[in-house]
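The primary structure of each chain is shown beneath.
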Amino acid sequence: MCQTQAALRAEYVCSCFFTRQIFIKKYGLHVTFENEAQFEREFRQGLRFRGCSTDKQYADVLLEVKAEQERRKNYHTTFLSNYLRNQESYSYVHPELKQLQRKFLDARFLDISQDRNLQSPETLLQTLTNNGGFDHGEQVYSFPLFTPEFCNHLAEEITHFRESTLKRSLPNTMNSEGVSLDEMGLSYTLLTSLIQDYLQPITKLLFPAWGGGTLDSFKSFVVCYEVDKQQALSKHFDNAEVSMSVCLNSEFEGGDLQLGEMLGEAGSQWLEPVQVKQKKGHCILHRSRQFHSADPISRGKRINMIVWMRSSSVRNLICPMCGQAPDIREVPIAGDGFTPSNTTAACACV
Ligand SMILES: O=C(O)CCC(=O)C(=O)O
Ligand SMILES: [Fe+2]
């Protein structure tokens, strides 16, 4: 999603969006649903191992999967109508958030993103670690990005939006409390400039093999975890090339991010995953296809902004969700960053 209000242009998803990677929360399993016979053949046994043993439990799973498939069929039209309604009717507590300003950014990040530091991965990493950042290994990095004041304002805005009566879609099936910044209408002006002007010079050096220098669209949302609601996030990979997670508050305990093996590289599993603590205002950058999970929180509420950054030149070759050449379908909004051959995403962030 990366569009102006005035000019909504076609975007594209891979046809696998409608059938694959459907997450069954109760049994912690991602499934594909083409039809009942295929589903039974491929998943009944695995579901049984995870405790789905009675006919009634299996029937409930089938209902859930079919409901999710129906939701996906309607996802883009619902998103478009919610997005347009939000443009018209949502009234911001902090309207200044709609436009990125330098004062939102941590002074250490402004130092990191100076031209002279962006000449090679080595100089960048040196500056990063001199300015409160960390190289966690396995291409996982973290550094201060936003000021505490900006984080407070964004968290307040999200709470205000969630409390409004405006309809909203969940950003994905794994997160039951999230809010889509794209559908809300906040992301285009705030994040396009952040990615284009500040982050891409960094991702270009840190993730050259993952389109870090050719990012041209993104999906953004906020996730919330609470002790008595969703506490943790199961292991998964993201539908993107480079992922960013920024913690917006500090009133919680737990919630560390754990990063393990890369998708399709089962042989390279690490015994110890990379573990990163959440720190208010700090951003974690990682390859989207690196499996990751979030530990449960043991106190309070954690709010993070997630940005899935995409490069059409990488994903047009292979869809991360089905592992095949993308079979693209046009959608009116909120595509997954694929483009018809030889074009870049509808509204380039570069
Ligand atoms: O909870 C987090 O910090 C990470 C969330 C995440 O990985 C995702 O939503 O894709
Ligand atoms: Fe993720």
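Residues numbered from 1 in each chain as written. Chains lettered and ligands numbered in written order. Predicted model: local features only at pLDDT ≥ 70, side-chain atom pairs only at ≥ 80, totals over all residues. Heavy atoms only, no water.

As annotated in an unreviewed UniProt entry, the chain is 2-oxoglutarate and iron-dependent oxygenase domain-containing protein 2-like from Plakobranchus ocellatus. Quoted straight from UniProt, the Cofactor (unreviewed entry) entry for the chain says "L-ascorbate". (UniProt positions renumbered as here; feature names shortened; annotations may be inferred.)

Visitor: Would you mind showing me how to read the site of ligand 1 here?
Guide: Taken together, the neighbourhood of ligand 1 is formed by 14 residues, with Tyr225, His236, Asp238, His292 and Arg302 sitting nearest. Tyr225 has a polar side-chain atom sitting 2.6 Å from an oxygen atom of ligand 1. Side-chain polar atom of His236 to an oxygen atom of ligand 1: 3.1 Å apart, as the coordinates give it. Protein contacts shield 97% of the accessible area of ligand 1, which totals 290 Å² for the unbound molecule. Of the pockets mapped on this structure, ligand 1 occupies the largest cavity. Listing elements by their share of the shell around ligand 1, those giving two or more residues are strand S7 (217–226), strand S8 (233–236), strand S14 (290–294) and strand S15 (297–310). Examining the composition of the shell around ligand 1, we find that four residues originate from one element, S15, more than from any other. (Near = heavy atom within 4 Å. Polar contact = N/O pair within 3.5 Å; in protein donor to acceptor, adjacent residues only side chain to side chain. Areas by Shrake-Rupley, 256 points an atom, 1.4 Å probe, with all protein chains shown as cover. 1 Å grid on protein atoms, 1.4 Å probe; cavity = no way out; pocket = protein on both sides within 12 Å on 5 of 7 lines; lining within 4 Å. Sits in = over half its atoms within 2 Å of the grid points. Helix = DSSP H or I, 4+ residues; strand = E, 2+ residues; numbered from the N terminus.)

Visitor: Teacher, can you tell me more about empty space enclosed by the protein here?
Guide: The method is simple in principle: a probe with the dimensions of a water molecule rolls over the atoms, and the space it marks as empty is what remains. Applying the stated rule across the entire model yields one cavity of 30 Å³ or more. If you add up the space inside the largest cavity, you get close to 660 Å³. For the largest cavity, the lining is made up of 47 residues, of which Pro171, Asn172, Lys219, Asn239 and Trp308 are closest to its centre. Those elements that place two or more of their residues in the lining of the largest cavity are helix H2 (55–89), S7, S8, strand S9 (242–247), S14 and S15. In terms of residue count, the dominant contributor to the lining of the largest cavity is H2 (six residues). Counted by class, the lining of the largest cavity contains 22 nonpolar, 15 polar and 10 charged residues. (Points joined across faces, edges and corners; volume = space filled by probe spheres on them. Nonpolar A, V, L, I, M, F, W, Y, C, P; charged D, E, K, R; others polar.)

Visitor: Looking at this structure, I do not really get the domain arrangement of the chain. What am I missing?
Guide: Quite often, the size of an interface is put as the accessible area lost when its parts meet. When cut into domains, the chain gives domain 1 (15–89) and domain 2 (94–331). Taking only C-alpha atoms, the centre of domain 1 and the centre of domain 2 are 25 Å apart. Taken residue by residue, the interface counts 20 residues in domain 1 and 29 residues in domain 2. Each partner contributes to the roughly 1900 Å² buried at the junction of domain 1 and domain 2, and carbon and sulfur atoms together form 56% of this total. (Domains from an automatic or database assignment. Contact = heavy atoms within 4.5 Å. Buried area = accessible area lost by both parts, 1.4 Å probe.)

Visitor: It is not clear to me how helix H5 (residues 148–163) should be interpreted in this structure. Could you clarify?
Guide: Side chains that are three or four residues apart share a direction in an α-helix, a result of its 3.6 residues per turn. Its 16 residues place the ends of H5 23 Å apart at the C-alpha level, agreeing with the 22 Å of an ideal helix rising 1.5 Å per residue. Of all the positions in H5, only Phe150, Cys151, His153, Leu154, Ala155, Glu157, Ile158, Phe161 and Arg162 are classed as buried. (Expected span 1.5 Å × (residues − 1). Buried < 20%, exposed > 50% of the residue type's maximum accessible area, 1.4 Å probe, protein only.)

Visitor: What's the story with unusual backbone geometry in this structure? I'm lost.
Guide: Leaving glycine out, the prevailing phi sign among residues is negative, and the prevailing peptide bond configuration is trans. At Glu138, a position not held by glycine, the phi torsion is positive, near 55°. Considering the arrangement of structural elements, one finds Glu138 in the loop between strand S4 (134–137) and strand S5 (140–144). Overall, the relative accessible area of 34% leaves Glu138 in the partly exposed class. Even without being glycine, Gln139 reaches a positive phi, approximately 60°. Mapped onto the elements of the fold, Gln139 is located in the loop between S4 and S5.

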